[in-house]
Amino acid sequence: MEQSNYNPMLNTVILRNIFEVLPLSDLASCRQVCKSWFEESLTRWRRDMWLKLYDDDNVDVGSNATLTGLTLENFLLELNDGNACIRDPPNIEMKTFKKFKLYGWIFNSENDELKAQFWRTCGPAMTGLQIEGSEFCSLRDFKSVFWQALPNLVNLTLNNNYYEVDPEQFETVPAINDVLSNARNSNVRNLQVILSNSDFDLDPKFPLSFLEFLANYRNLKSVNLRGLCEYNGGLLLTFEAFLSAMVTLSMNGGYRWAVENLDILSEHKEKITYGSETIRLLQQLRFPLSSLILDIGSCTVPSDFKRILEIYANTLRKLVIFREDGHSYGPAVSHGDFPFEVQLNSLTELRLLGTAVTPNLNFFQYAPNLRSVFLVHDAGTSMLNIGSYLSDHDLFTTLRNRQNESIWGAKSPVPYPVGNTDFSKLENTVLPKMEEFILCGKHDTVCFPEQVAALARLMPNLRKVRLGLDNDGFRILCSAWKDLELLIIQPCEVNNCGITGTIPGLQTRLPNLTNLTRLSYLAFGCDDVRKSKDPIISYDFSRGVSTSTYVIEDAVPYRAQITDEVLQEFTQNMPHCKITRFNTGDEEWPEKQYERSSEDNSSSSNYGISDSEEDQLREANDDSDNVEPEGVVENDEMVSDSISDADEPHRVQADNRDG
Amino acid sequence: MALVRVISSDGAAFLVSQRLAKRSGKLKTEIETFRKSSDNSEAQPEIRIVTIRAEILRLVLQWLQQHQNDPVLPANQNEQDGRGDAEMGQSQWDRDFLAPMDLGIVMELILAANHLEVKGLLDITCKLVESKITGRTVDEIRTAFKLKSDFKGNEEEQTRLENRWCVEN
């Protein structure tokens with residue numbers, strides 16, 4: 001049979017199905033693998049990727065190779081006759097791109113045959129349109145684009161464009177009847193508007209009244225107004241104008257707004273305070289929001305915050321709250337009471353970001369269906385490097401960028417949410433659906449063993465977690481969450497003993513890393529984040545057999561508490577491991593204010609292990625390795641029972657060390 | 001309980017409840033076609049699947065059985081979430097189910113799930129292959145799946161260039 005020559009990875013059906021679920025960045029690699037992969041990728045590629053098009057009039061057309069996009073003229077040439085750039089296999093009908101990103105286009109009234117041809121040929125099938133860094137020479141030009149026949153347009157983004165608009169335009173408010181009669185009914189569901197933040201355009205305004213603009217888009221599902229306006233107070237004013245246009249249209253034109261996603265997380269440092277006017281408009285519109293992303297503002301009072309939550313309490317599935325320290329306006333309002341007793345039964349994803357969100361975990365009792373929770377005060381290097389192992393990882397980049405441009409002064413320490421939690425209030429709460437629990441902040445501390453146990457009881461089915469742990473906490477984690485797929489220990493005071501589960505003088509192994517058989521991502525932080533001065537060493541284990549990739553990403557502790565030998569032993573237990581090692585002199589927290597002070601120096605020696613002690617431990621490990629065959633504990637119950645007893649010798653040793 | 005005989009390409013017959021079989025789009029259509037063409041409403045439908053061998057068919061039915069009480073997955077309600085149903089639906093059972101399979105079996109399962117129109121199974125099997133592709137370089141992918149480049153001239157270079165003209169969002 002021809003079985004031996006048959007490679008299923010050339011099967012059309014298989015390729016097409018896989019390419020449908022593949023992240024687009026990987027699809028780019030797949031297209032280069034071979035011809036049939038290239039051909040099978042085309043359908044998805046041309047449907048979902050955005051093609052960047054430059055305006056020939058506004059670009060120095062040097063060599064095409066230097067441009068990260070096509071010029072309009074070249075693109076149209078391809079469409080019309082050649083296949084040199086947009087190659088098509090002969091047996092596949094021409095599928096043109098459906099999403100376009102127009103860069104640096106100049107829209108002016110002059111007859112431009114190229115552009116007219118573009119709208120004619122690509123307009124009817126177009127599903128996505130982004131206009132960026134472009135210039136509209138007049139209001140007429142602006143309208144001429146958006147009143148185009150784009151019957152299939154779903155995604156529309158206007159990003160940092162320059163609008164040459166007669167200021168008088170803003171004085172005349174169009175009559176509602178004219179607006180309604182001129183409106184085109186469009187299918188645009190996702191709208192994003194980012195107004196210019198260039199230096200010469202200090203007071204960017206949207207060229208058209210929102211009333212006239214929004215009248216065309218009655219089917220909006222997602223509205224992203226990040227960076228709608230960045231100058232002082234602008235965001236809210238513009239946002240309010242946007243909302244009140246919606247109110248007018250619904251009252252006078254019978255529009256029924258059904259926005260499900262609202263994103264108004266300003267990209268810029270802006271002192272926002274949500275007040276009664278915005279809330280009144282939001283209450284009037286009552287969007288059936290399933291996702292809300294916003295900067296709640298440093299000075300918004302809890303009662304207003306509560307009113308916003310109440311509007312969407314029944315529908316909200318995802319909530320992202322950012323909150324910056326508000327030093328210049330006095331002490332930040334405590335948001336430890338979040339969500340102010342508002343019951344959020346639909347909520348599955350919660351992200352509380354920024355230095356001034358200072359919660360405890362008491363909110364768990366109000367959101368019984370939570371699946372994923374991030375409490376991130378600051379995004380450290382370990383979070384930025386995590387990639388697609390975690391949902392929403394791009395939020396960390398956003399967060400990190402904001403930190404870097406922070407204009408506020410020193411931040412006061414943020415209490416550790418775990419330590420700040422009254423677990424007795426949560427005695428009757430269990431969140432069986434919780435899978436992701438990520439805590440990240442500069443002031444994180446190691447969790448006490450009883451806190452880890454309380455978390456394990458609260459969230460019995462976790463799969464991804466980031467916590468500060470020592471040996472005791474780590475053991476509890478290993479016996480409680482056996483199905484962990486992702487684990488980041490930061491701060492990390494786990495040492496050789498904790499990782500291997502060996503205790504000097506004790507012959508049984510305690511719960512240890514090998515309990516976590518499903519782990520696909522493991523990272524150790526430093527023993528104390530402020531002491532991290534050593535280069536990061538990364539271990540990358542790729543297992544050939546299983547589906548998972550083992551990655552140990554590691555900011556190696558100041559005095560490496562987990563030795564390379566132990567890690568290597570760990571990798572050797574898994575066949576087909578690949579280890580790569582590189583140094584990037586990166587640190588978890590780049591800011592200078594976390595350099596070690598002399599005070600830290602003295603206290604840190606309490607849990608740093610001196611070299612000689614480390615040697616002792618290693619010897620002890622070797623001993624217990626020798627007796628391992630009869631001592632390995634497999635039974636779960638035995639493991640958890642032995643924790644408390646087995647801790648004793650360890651504790652004693654720790655005490656000795658201190659003494 | 002109404003039953004249906006599903007017969008694999010190599011002649012193995014599986015007797016399953018129609019309720020279960022109907023969770024496959026293809027079997028559902030077949031059963032309905034049989035009903036229309038048959039005079040005897042009591043007759044037991046018999047469906048031959050000529051493209052799927054017994055070992056694979058058993059796995060598909062096993063998966064269907066495990067998931068017979070799953071709610072029918074809603075269409076992705078929230079477009080901007082960007083989360084497919086697969087991610088939400090993959091259970092521990094699924095992971096254990098797939099864990100011992102080699103790539104060849106997974107490929108056959110993809111074809112079977114595609115043919116029988118079993119969306120959930122198609123999702124998790126494709127995700128599994130996806131995990132072997134993500135984050136790898138072109139050469140690593142070729143090695144992993146034993147593929148050779150058959151581009152001519154500057155075609156590969158051209159593709160790389162084209163990739164730079166496109167962005168994800």
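Note that the coordinates shown come from a computational prediction; the quantities given were computed from them, not determined experimentally.

What counts and how
- Residues numbered from 1 in each chain as written.
- Chains lettered and ligands numbered in written order.
- Predicted model: local features only at pLDDT ≥ 70, side-chain atom pairs only at ≥ 80, totals over all residues.
- Heavy atoms only, no water.
- Helix = DSSP H or I, 4+ residues; strand = E, 2+ residues; numbered from the N terminus.
- Buried < 20%, exposed > 50% of the residue type's maximum accessible area, 1.4 Å probe, protein only.
- Contact = heavy atoms within 4.5 Å.
- Areas by Shrake-Rupley, 256 points an atom, 1.4 Å probe, with all protein chains shown as cover.
- UniProt positions renumbered as here; feature names shortened; annotations may be inferred.
- Buried area = accessible area lost by both parts, 1.4 Å probe.
- Salt bridge = Lys/Arg side-chain N within 4 Å of Asp/Glu carboxyl O.
- Pairing = 2+ DSSP bridges.
- Axes fitted to C-alpha atoms, helices over the stretch in contact; angles between N-to-C directions.
- Core = buried A, V, L, I, M, F, W, Y, C linked by side-chain atoms within 4.5 Å.
- Expected span 1.5 Å × (residues − 1).
- Polar contact = N/O pair within 3.5 Å; in protein donor to acceptor, adjacent residues only side chain to side chain.

What follows concerns the overall build of chain B. Counting its secondary structure elements, chain B contains 9 helices and 4 strands. Along chain B, helices (α) and strands (β) appear in the sequence β-β-α-α-β-α-α-α-α-α-α-α-β when read from the amino end. The buried share of chain B, reckoned over its 169 residues, is 44%. Across chain B, the fraction of contacts at a sequence separation of at least 24, relative to all contacts at a separation of at least 6, is 60%. Per element, the accessible surface of chain B, about 9200 Å² overall, is 49% carbon and sulfur.

Here we come to the UniProt feature "domain: SKP1 component POZ" (unreviewed entry) in chain B. According to UniProt, the positions carrying the feature "domain: SKP1 component POZ" (unreviewed entry) are residues 4-69 of chain B. The span residues 4-69 of chain B is 45% helical and 18% strand by assignment, and the distance between its end C-alpha atoms comes to 19 Å.

As a further point, take the UniProt feature "domain: F-box" (unreviewed entry) in chain A. The sites that UniProt annotates as "domain: F-box" (unreviewed entry) are residues 14-41 of chain A. Helix makes up 79% of residues 14-41 of chain A and strand 0%. Its end C-alpha atoms lie 12 Å apart.

Next up on the list: the interface of chain B and chain A. Listed by partner, the interface residues are 52 residues for chain B and 67 residues for chain A. Of the roughly 5000 Å² buried between chain B and chain A on both sides combined, carbon and sulfur atoms contribute 53%. The interface formed by chain B and chain A holds 3 salt bridges in total. Of the charged contacts in the structure, one is a salt bridge between glutamate 162 of chain B and arginine 31 of chain A, with a shortest N-O distance of 3.8 Å.

This paragraph deals with the sheet that holds strand S1 (residues 3-7) of chain B. All names here are of chain B. The strand order across the open sheet formed by 3 strands is S2-S1-S3, and the pairing between neighbours is mixed. Only two strands of the sheet have a single partner each, and these edge strands are strand S2 (13-17) and strand S3 (46-48). Ignoring strand direction, the axes of neighbouring strands in this sheet form an average angle of 25°. Of the pairings in the sheet, the one linking S1 to S3 comprises 3 bridges and is parallel in character. When the bridges of S3 are listed, arginine 5 appears paired with glutamate 46. Sitting on the sheet, helix H2 (residues 25-37) is in contact with S1 and S3, with an inclination near 130° to S3. Its contacts with the sheet place helix H3 (residues 54-66) against S1 and S2, and it is angled at close to 10° to S2.

Quick look at the UniProt feature "domain: SKP1 component dimerisation" (unreviewed entry) in chain B now. Residues annotated by UniProt as "domain: SKP1 component dimerisation" (unreviewed entry) correspond here to residues 119-166 of chain B. Each end of residues 119-166 of chain B is marked by a C-alpha atom, and these two atoms are 30 Å apart; helix forms 69% of the span and strand 2%.

Moving on, we come to unusual backbone geometry. Although it is not a glycine, asparagine 160 of chain A adopts a positive phi angle of roughly 50°. A positive phi angle, near 55°, is found at glutamate 117 of chain B, a position not held by glycine. In this fold, glutamate 117 of chain B is placed in the loop between helix H6 (103-116) and helix H7 (119-133).

We now examine the nonpolar core. Generally speaking, nonpolar side chains in soluble globular proteins are found buried as a group. Of all hydrophobic cores here, the largest spans 187 residues; its most connected members are Trp37, Phe118, Phe364, Phe437, Leu467 and Leu477 of chain A. Of all hydrophobic cores here, the second largest spans 20 residues; its members include Leu265, Val320, Met383 and Leu486 of chain A.

Now for the pattern of salt bridges. In this structure the tally under the stated criterion is 32 salt bridges over all chains. In this structure, arginine 307 of chain A engages aspartate 304 of chain A in a salt bridge whose closest nitrogen and oxygen atoms are separated by 3.1 Å. Taken as a pair, arginine 307 of chain A and aspartate 304 of chain A lie in helix H11 (residues 302-312) at a separation of 3 residues, close to a single helical turn. Residue arginine 307 of chain A is classed as partly exposed on the basis of its relative accessible area of 29%. For arginine 53 of chain B, the salt bridge is made with glutamate 55 of chain B, and the minimal N-O distance between the two is 2.9 Å. Residue classification places glutamate 55 of chain B among the partly exposed residues on the basis of a relative accessible area of 39%. Residues participating in the shared-partner salt-bridge network are Arg371, Glu435, Arg463 and Glu485 of chain A together with Arg95 of chain B.

The α-helix winds at 3.6 residues per turn, so residues separated by three or four positions along the chain end up facing the same way. With 14 residues, H6 of chain B should cover 20 Å at 1.5 Å per step; its first-to-last C-alpha distance of 20 Å lies within 8% of that length. Inspection of H6 of chain B places Ile105, Val106, Met107, Leu109, Ile110, Ala112, Ala113 and Leu116 of chain B among the buried residues, and these make up the whole buried set. The inward-facing, buried residues of H6 of chain B contact helix H1 (12-21) of chain A together with H2, H3, helix H5 (92-98) and H7 of chain B. You can read the cap of H6 of chain B off the contacts: a side-chain oxygen lies 3.0 Å from the backbone nitrogen of glycine 104 of chain B, and it is on aspartate 102 of chain B.

A few words now on the pairing of S1 of chain B. Each regular strand displays side chains that alternate between the two surfaces of the sheet. Residue and element names in this part refer to chain B. When S1 meets S2, the two strands line up antiparallel, connected through 5 bridges. Residue pairing for S2: leucine 3 is matched across the bridge by serine 17. Here S1 folds back onto S2 in antiparallel fashion, the turn holding 5 residues, of which glycine 11 has a positive phi close to 90°.

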